[in-house]
Amino acid sequence: MNAPAIPESEEEALLDELADALQEVVESSCAEMAPLWLAGTRLARRDLTRTVPDLGIELSEACRRLSRGTQNRYRALACWRHALVWKGVLAEVDPDFAQATRALYFSPYPEGTPPYAWSQRVSDAPNAAEFPSAQTLKDWAKEGCWSSVEALRQRCREHPEKTVRDEVELRLLKVSCRDTLSDVLKLDAHKNWSKL
Amino acid sequence: MTEETLRRWANVELSRDEARDVYRWMVRCTSPELPTLLTGLLRERREREADAALRQRGSTWPELVQRWAQLLADGAASWTEPGLMPMPASVDDEAPRPQVWLEERDGATRVRVDIEEDAEVTVFVTDDDGGAVRLPEASGRPREWVLPRMGARPTVWVAMGTASTPEPADVLEQLAQRTDDDDVAVVALRWTDRQT
């Protein structure tokens, strides 16, 4: 799938958008977001590959030690984060919920902690003191996550598919929504509750 | 883009423009091995940075090692002899007890922990010279760590239920605040020249 599929000018613009969003996600959470997003979007990005060679390297022992299950679990989270930054989705979410979501999912993690650090230890999040309680922060962040995924899904439904770039964008957005609620944000119960 | 460039990105701070080039290249590369490589490189960097941070706080280590020793005196941790050993019953009365042991293999001393794969385990090594090192996270079953060179009378500390705590002091704090319901336990191992 290395044949050029997108007009070069459009590809450059899309590359810039995706690269900038990826850099912002890394800087606002942790460096591990980059490989996780890459793994989660590999197939969706296949039409962007213009002769980028494989590295042909032997993986280090540190790489082989990594838990594949843990990586899978975090991939969807990285894709969701990237889509939020890429499309500026949090700007459409209720300000309180968006602030809570930023606190838990877009605050840099301390060294040596996994990508899920703040949602696992809500009271330790850098901006936790700005909320009435840790539980409130957690609840509002869930609302923010839910709203953001709904917004992403809406964009998928309304997204045009006129050009190759549109198709690539849509694939990336769909990847960013898929499995996020149930597998990563664990919002199944919340989702059902919200529909009552 | 070469592996060397990627390693440089993972190991040093690049300028913003240089970093953007790397992110752009990442977006276009769909090699399935790249995310795993990146994860490994970033993890190695974090481990090096964590080790460097530990060394910089060397003056606080004698006190820290004393506090570890106090854990033993208080009964919050228990000594074991080298070899296969049961964990304290406080971990979980119902579940199979984790097993912890040291062994010499391929010229290195290793600590191995046989425990459920989703259990949180943190391993530190201290010595009587005031040195202390937190070993990187490991996965698989059993989990295995190669022990670094240490000063006089090194001691291995295996703490369960503490993986989210990045520093030895945090583990101590967590232990100090634990309740009977907590799933936190610490065991200390000391290896000697007699061990084979």
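These numbers come from a predicted model, not from an experiment.

## Structural notes on the overall build of chain B
- In terms of helices and strands, chain B carries five helices and nine strands.
- Moving toward the C terminus, one meets the helices and strands of chain B in the order α-α-α-α-β-β-β-β-β-β-β-β-α-β.
- Here chain B holds 196 residues, and 47% of them are scored as buried.
- Considering only contacts in chain B between residues 6 or more positions apart, those separated by 24 or more positions represent 66%.
- With an accessible surface of roughly 10000 Å², chain B has 44% of that area assigned to carbon and sulfur atoms.

## What to know about the environment of B:T39
Residues and elements named next belong to chain B.
- The residue T39 is located in helix α3 (residues 34-56) in this model.
- Assessed through its relative accessible area of 3%, T39 is described here as buried.
- Sequence-wise, T39 and A10 are 29 residues apart; in three dimensions their C-alpha atoms are separated by 9.4 Å.

## Some points on helix α2 (residues 33-40) of chain A
- Of all eight residues that make up α2(A), eight are buried, and the element is covered over most of its length.
- Those residues of α2(A) that sit buried are A:M33, A:A34, A:P35, A:L36, A:W37, A:L38, A:A39 and A:G40.

## A short note on the side chain of A:R45
- Turning to its location among the elements, A:R45 is positioned in the loop between α2 and α3 (61-65).
- Residue A:R45 is classed as buried on the basis of its relative accessible area, which comes to 1%.
- Within polar-contact distance, the side chain of A:R45 engages the side chain of A:T41 at 2.7 Å.
- Contact partners of A:R45, with chain neighbours within four places excluded, come to A:W37, A:L38, A:L172, B:M26, B:V27, B:R28, B:C29 and B:T30.

## Regarding the nonpolar core
- Membership of the largest hydrophobic core comes to 70 residues, with the highest contact counts inside it found for A:W37, A:L137, B:W9, B:Y23, B:M26 and B:L34.
- Among the elements that make up this core, the one with the highest residue count is helix α4 (residues 68-87) of chain A (nine residues).
- Counting 15 residues, the second-largest nonpolar core is a separate cluster that includes B:L102, B:A138, B:V158 and B:M160.

## Some thoughts on the confidence of the model for chain A
- Looking at chain A as a whole, the pLDDT averages 76, with 71% of positions reaching at least 70.
- Helix α5 (residues 95-105) of chain A holds the highest mean pLDDT among the elements of chain A, 92, whereas helix α10 (residues 188-195) of chain A holds the lowest, 34.

## Considerations on the pairing of strand β5 (residues 121-126) of chain B
All names here are of chain B.
- Within β5, six of the six residues are buried, leaving the element largely enclosed by the surrounding structure.
- Side chains V121, V123 and V125 project from β5 onto one buried face, and the interleaved T122, F124 and T126 project onto a second face that is buried too.
- Where β5 lies against strand β6 (residues 132-134), three bridges are found, and the strand directions are antiparallel. Along β6, the bridge assignment pairs F124 with R134.

## Re the packing of aromatic side chains
All names here are of chain A.
- Inspection of the entire model under this criterion finds four aromatic pairs over all chains.
- Ring centres of W80 and F106 lie 6.3 Å apart, and the angle between their planes is 45 degrees; this geometry places the pair in the tilted category. One end of the pair, W80, is in helix α4; the other, F106, is in the loop between α5 and α6 (117-120), and 26 residues separate them in sequence.
- Judged by its relative accessible area of 0%, W80 falls in the buried class.
- Taken together, a centroid distance of 6.0 Å and an interplanar angle of 75 degrees make the contact between F131 and W140 edge-to-face.
- A relative accessible area of 24% means that W140 is categorised as partly exposed.

## Considerations on the confidence of the model for chain B
- Scored by pLDDT, chain B has a mean of 68; 56% of the residues are at 70 or more.
- Taken together, the chains of this predicted complex give a pTM of 0.57 and an interface ipTM of 0.75.

## Re a negative patch on the surface
Residues and elements named next belong to chain B.
- On the surface, E116, E117, D118 and E120 cluster together into a negatively charged patch.
- Along the polypeptide, E116 turns up in the loop between β4 (108-114) and β5.
- Since its relative accessible area comes to 42%, E116 is described here as partly exposed.

## Examining the pattern of salt bridges
- Applying the stated criterion across every chain, the model contains 13 salt bridges over all chains.
- Note that A:E92 and A:R155 form a salt bridge whose closest N and O atoms lie 2.3 Å from each other. Highlighted residues: A:E92 in the loop between α4 and α5 and A:R155 in helix α7 (residues 134-158), separated in sequence by 63 residues.
- Among the residues examined, A:E92 registers a relative accessible area of 47% and is labelled partly exposed.
- Among the residues examined, A:R155 registers a relative accessible area of 25% and is labelled partly exposed.
- The salt bridge involving B:R112 is made with B:E144; its shortest N-O contact spans 2.9 Å. A residue pair is termed long-range when its members are at least 10 positions apart, and B:R112 in strand β4 and B:E144 in strand β7 (residues 143-146) qualify at 32 residues.
- In this structure B:E144 comes out as partly exposed when scored by relative accessible area, which is 23%.
- Connected through salt bridges with shared partners, the residues A:E12, A:D16, A:D20, B:R20 and B:R24 form a single ionic network.

The rules behind the values
- Residues numbered from 1 in each chain as written.
- Chains lettered and ligands numbered in written order.
- Predicted model: local features only at pLDDT ≥ 70, side-chain atom pairs only at ≥ 80, totals over all residues.
- Heavy atoms only, no water.
- Helix = DSSP H or I, 4+ residues; strand = E, 2+ residues; numbered from the N terminus.
- Buried < 20%, exposed > 50% of the residue type's maximum accessible area, 1.4 Å probe, protein only.
- Contact = heavy atoms within 4.5 Å.
- Areas by Shrake-Rupley, 256 points an atom, 1.4 Å probe, with all protein chains shown as cover.
- Polar contact = N/O pair within 3.5 Å; in protein donor to acceptor, adjacent residues only side chain to side chain.
- Core = buried A, V, L, I, M, F, W, Y, C linked by side-chain atoms within 4.5 Å.
- pLDDT = per-residue confidence, 0-100.
- Pairing = 2+ DSSP bridges.
- Phe/Tyr/Trp six-rings, centres within 6.5 Å; stacked < 30°, edge-to-face > 60°.
- Patch = residues over 30% accessible without salt bridge, like charges linked within 9 Å, V, L, I, M, F, W, Y side chains within 5 Å.
- Salt bridge = Lys/Arg side-chain N within 4 Å of Asp/Glu carboxyl O.
- Lys, Arg positive; Asp, Glu negative; His and termini not counted.
- Charge placed at Lys NZ, Arg CZ, Asp CG, Glu CD.

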